[in-house]
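# Topology and contacts: notes
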Amino acid sequence: MRLDVVTIFPEYLEPLNVSLVGKARARGVLDVRVHDLRTWTHDRHNTVDDTPYGGGPGMVMKPEPWGEALDEVLATGEPEGPDQEPPVLVVPTPSGRPFTQELAVELADKPWLVFTPARYEGIDRRVIEEYADRLDVREVSIGDYVLAGGEAPVLVMVEAIARLLPGVLGNAASHQDDSFAPGTMANLLEGPVYTKPPEWRGRGIPEVLLSGHHGRIARWRRDQAFARTAANRPDLIERCDPEALDKHDRATLEGLGWRQGTDGRWHPAE
Ligand code: ADE
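These numbers come from a predicted model, not from an experiment.

Rules used throughout
Residues numbered from 1 in each chain as written. Predicted model: local features only at pLDDT ≥ 70, side-chain atom pairs only at ≥ 80, totals over all residues. Heavy atoms only, no water. Buried < 20%, exposed > 50% of the residue type's maximum accessible area, 1.4 Å probe, protein only. Helix = DSSP H or I, 4+ residues; strand = E, 2+ residues; numbered from the N terminus. Arc of directions from axis to C-beta. Contact = heavy atoms within 4.5 Å. Polar contact = N/O pair within 3.5 Å; in protein donor to acceptor, adjacent residues only side chain to side chain. Near = heavy atom within 4 Å. Areas by Shrake-Rupley, 256 points an atom, 1.4 Å probe, with all protein chains shown as cover. Pairing = 2+ DSSP bridges. Axes fitted to C-alpha atoms, helices over the stretch in contact; angles between N-to-C directions.

Attention now moves to helix H8 (residues 247-255). Buried within H8 are the following residues: Asp 249, Thr 252 and Leu 253. Looking straight down H8, one finds that the buried residues subtend no more than 95° of arc, so they occupy a single side. For H8, exposure combined with an orientation more than 90 degrees from the buried face picks out Lys 247 and Gly 255. Summarising the contacts, the buried residues of H8 are in contact with helix H6 (214-232), helix H7 (234-239), strand E8 (258-260) and strand E9 (266-268). Structurally, the start of H8 carries an N-cap: the backbone nitrogen of His 248 is 3.1 Å from a side-chain oxygen of Asp 246.

Every residue close to the ligand is listed here: Pro 92, Thr 93, Pro 94, Val 140, Ser 141, Ile 142, Gly 143, Tyr 145, Val 146, Leu 147, Gly 149 and Pro 153. The backbone of Ile 142 places a nitrogen or oxygen atom 3.0 Å from a nitrogen atom of the ligand. Measuring from a nitrogen atom of the ligand, one finds a backbone N or O atom of Tyr 145 at 2.8 Å. Protein coverage of the free-state accessible area of the ligand, which is 260 Å², stands at 96%.

Now for the sheet that holds strand E2 (residues 31-36). Overall, parallel pairing links the 5 strands, which are arranged E2-E1-E6-E5-E7 in an open sheet. Two strands bound the open sheet, and with one partner strand each, they are E2 and strand E7 (136-141). Going across the sheet, the axis of each strand differs from the next one's by a mean of 25°, ignoring polarity. Alignment of strand E5 (residues 88-98) against E7, held across 7 bridges, turns out to be parallel. Within the sheet, the bridge partner assigned to Val 91 lies in E7 and is Glu 139.

Okay, here's the thing in structure tokens:
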């Protein structure tokens, strides 16, 4: 997979050299190219921003450097490489669609992604419109809070995407039971995990995990997942498909104080 990032803070993307993403780059699974937006400015001060039309606080990123930068990056697509088709343009913005595990899975399947992290109040709208005519453009938010720029969101998204690529995680099964992974545990958070030693500061390990009984362990993990989801993300339980719950799941939820409503959905009991 090829990833390009255009930013005024290339050094902010240094963590892409470290750990999982760094190793994926070293192994050639990921081709990451970070570009300094100021390369495409032509004035003495390398200006990338200006005051907003219509007034208001803050500054807006000028369209010209972004246009030149993106045209040049797009022109480097090689006919034989992963970049033979136009990339998906990922624009981090608090006004975007939520970044979810589902979107990470979708983007992990694309051969080429270009990220445009902005500073200030964002990028002149015409840039998005210009490229939306030619590319699949996704405006994406990593959460309901406002950061000073899109670089940290790029790090978040790249890590979530990279760990899904074949050969990046040591154990291919290890993202199958991720919280939010599509499939068996969908809509449930992962429960607690334990490792050696068997006793630490007087605290032991839940007996069932030492039993070697795979069926009982799987059941216990699912019960724990329900307990944690009900406590931390009740919205996920309320949204879950009641048909996906077996008899034991329903008993677990009832034990946690939940009831099935007339709409079939589960709700916390009054
Ligand atoms: N830029 C600033 N805040 C952001 C957010 N929450 N998500 C994506 N990009 C952003």
